[in-house]
Amino acid sequence: MSIVVKSVCKALERIAPLRLAEPWDKVGLIIESPVLRSDAKRVVLTIDLTTAVLEETLKVPTALVVTYHPPLFQPITSLTLANPLQASLLKLSAAGTSVFCPHSSLDAAWGGINDWLAEGVIGPQGTTAKVNILGEVKGEAGGAGRIVTLDEPIPIEELVQRVKKHLSLSQVDVGRPLAQKPIKSVAICAGAGGTLLSGVDADVYFTGEMQHHEVLGAVARGRYVILCGHTNTERGYLPVLAKKLMDTLSELARDESSNELSREERIEIGKYQLDIHISEVDRHPLDRM
């Protein structure tokens with residue numbers, strides 16, 4: 001394993017420990033390339049490993065792709081070029097590029113995607129609120145979702161504007177109950193939140209997507225629902241992750257008390273000028289026309 005891949009994997013474990021991932025999830029080092037390239041100093045961050053992201057990655061020597069969503073989710077019996085997703089993994093491996101997936105561990109971690117979404121709900125500086133874990137609490141490291149309790153209630157229109165600004169969206173889908181009310185509490189789940197949010201006592205369910213009947217049920221129970229598109233609730237976090245990754249790699253290089261890297265490895269990674277690159281072609285797969 002190259003020093004870049006090993007160091008980034010160790011750093012990601014500090015940022016979002018894999019033990020926080022849901023039991024059904026496929027996280028960690030998905031593909032470890034056997035090809036070691038001394039010129040590969042780029043790490044690509046993306047939400048999805050699409051064909052466009054593959055082509056972008058192959059243009060520059062790249063040690064590792066960190067793809068938030070697992071490129072392989074269902075069990076497979078073969079890896080062939082006939083399947084586009086499998087072909088992407090094979091081509092990356094042949095080019096000396098490994099693939100890592102954090103997925104739900106990054107949702108659950110403190111300072112992860114759901115906390116970033118909570119920042120958007122809380123809004124402008126000076127606004128105060130309490131943020132608690134929604135779902136299973138996984139020790140001190142975090143838990144699945146978040147529930148924000150605002151100190152002062154706000155109208156649904158104000159919350160929608162905060163969400164759109166935070167996610168850089170011009171439109172979101174909003175489900176409204178018959179009885180309109182001010183907003184005090186918001187339950188949050190990045191991506192697909194129907195299962196986690198089901199039955200939660202909150203004024204608003206804020207997520208990427210829910211099934212039709214899940215939305216109907218929530219609205220019938222007096223909840224507002226804000227749906228933003230699955231990956232739209234995740235992609236804006238990548239610049240935050242890029243900074244966390246750079247900072248954590250620097251900490252690893254300086255941390256003499258840790259056994260995560262040897263002294264020689266810490267010296268080596270400290271000399272590297274890593275290029276943490278956020279994919280420029282990764283995008284939400286659906287357009288509104």
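In this text the structure is predicted, and so the values were computed from the model without any measurement.

Student: Describe the overall build of the protein chain, with residues and values.
Tutor: If you tally the helices and strands in the protein chain, you get 10 helices and 11 strands. Against the 2.2 N^0.38 benchmark of 19 Å for 289 residues, the protein chain shows a C-alpha radius of gyration of 20 Å, consistent with a compact globule. Seen through its principal axes, the protein chain has C-alpha atoms that stretch 60 × 45 × 30 Å. Buried positions account for 53% of the 289 residues belonging to the protein chain. With the model as given, the accessible surface of the protein chain reaches about 14200 Å², and the carbon-plus-sulfur share is 53%. Each charge sign in the protein chain was given a centre, from 30 positive and 35 negative side chains, and these centres are 1 Å apart.

Student: Describe helix α8 (residues 212–220), and please don't skip the residues or the numbers.
Tutor: Think of an α-helix as 3.6 residues a turn; residues three or four steps apart then line up on the same face. By the burial criterion, the buried members of α8 are V215, G217 and A218. The buried residues of α8 occupy an angular sector of 165 degrees when projected down its axis, which confines them to one face. For α8, the exposed residues lying more than 90 degrees away from the buried face are H212, H213 and A220. At the C-terminal side of α8, G222 shows a positive phi close to 90 degrees.

Student: Kindly report on the sheet that holds strand β8 (residues 183–192), identifying the contributing residues and their values.
Tutor: In spatial order, the strands read β5-β6-β8-β9-β10-β7; together these six strands make up an open sheet with mixed pairing. Of all strands in the sheet, those with a lone pairing partner are β5 (129–137) and β7 (173–175), marking the two edges. Along the sheet, successive strands turn relative to each other by an average axial angle of 20 degrees, direction set aside. Its contacts with the sheet put α8 on β7, β9 (204–209) and β10 (224–227), and the angle it makes with β10 is roughly 145 degrees.

Student: I'd love a proper account of the side chain of T67, names of residues and values included.
Tutor: Mapped onto the elements, T67 comes out in strand β3 (residues 62–67). Within the local environment of T67, its side chain forms a polar contact with the backbone oxygen of I47, the two atoms lying 3.4 Å apart. Within the structure, T67 has its side chain in polar contact with the backbone oxygen of H69 (distance 3.1 Å). Residue contacts for T67: discarding those within four places in its chain leaves T46, I47, D48, L49, V99, F100, C101 and P102.

Student: Before we move on, could you go through the side chain of D115 and cite the residues and values that matter?
Tutor: Mapped onto the secondary structure, D115 falls in helix α5 (residues 113–122). If near-sequence neighbours (up to four positions away) are discounted, D115 is found in contact with A109, W110, V131 and R146.

Student: Run through the sheet that holds β3, naming residues and quoting values.
Tutor: On the basis of which strands lie adjacent, the open sheet formed by five strands has the order β1-β4-β3-β2-β11 and mixed pairing. In this open sheet, the two strands that pair with only one neighbour each are β1 (28–31) and β11 (275–278). Strand-to-strand twist of the sheet, defined as the mean angle between neighbouring strand axes without regard to direction, takes the value 25 degrees. Two strands pair when backbone bridges link them, and β1 and strand β4 (residues 98–101) are joined in this way by three bridges, in the antiparallel orientation. Counterpart to G28 in the pairing with β4 is C101.

Student: Now, about unusual backbone geometry: what can you tell me, with residues and values included?
Tutor: For H103, which is not a glycine, the phi torsion comes out positive at approximately 35 degrees. Along the chain, H103 falls in the loop between β4 and α4 (104–108). Located in the positive-phi region is S168, a residue other than glycine, with phi close to 55 degrees.

Student: Could you give an account of the nonpolar core, naming the residues involved and the relevant values?
Tutor: Formed by 60 residues in total, the largest nonpolar core has its most connected members in V8, V43, L45, L159, F206, I226 and L245. In terms of residue count, the dominant contributor to this core is helix α1 (residues 3–15) (eight residues). In this structure, I226 is in contact with I156, L159, V160, V163, V172, D173, V204, Y205, F206 and T207, ignoring residues within four places of it in sequence. Formed by 13 residues, the second largest nonpolar core is a distinct cluster that contains L134, I147, L197 and M210.

Rules of the game
- Residues numbered from 1 in each chain as written.
- Predicted model: local features only at pLDDT ≥ 70, side-chain atom pairs only at ≥ 80, totals over all residues.
- Heavy atoms only, no water.
- Helix = DSSP H or I, 4+ residues; strand = E, 2+ residues; numbered from the N terminus.
- Rg over C-alpha atoms; globule rule 2.2 N^0.38 Å.
- Buried < 20%, exposed > 50% of the residue type's maximum accessible area, 1.4 Å probe, protein only.
- Areas by Shrake-Rupley, 256 points an atom, 1.4 Å probe, with all protein chains shown as cover.
- Lys, Arg positive; Asp, Glu negative; His and termini not counted.
- Charge placed at Lys NZ, Arg CZ, Asp CG, Glu CD.
- Arc of directions from axis to C-beta.
- Pairing = 2+ DSSP bridges.
- Axes fitted to C-alpha atoms, helices over the stretch in contact; angles between N-to-C directions.
- Contact = heavy atoms within 4.5 Å.
- Polar contact = N/O pair within 3.5 Å; in protein donor to acceptor, adjacent residues only side chain to side chain.
- Core = buried A, V, L, I, M, F, W, Y, C linked by side-chain atoms within 4.5 Å.

These results come straight from atomic positions and should not be treated as a statement about function.
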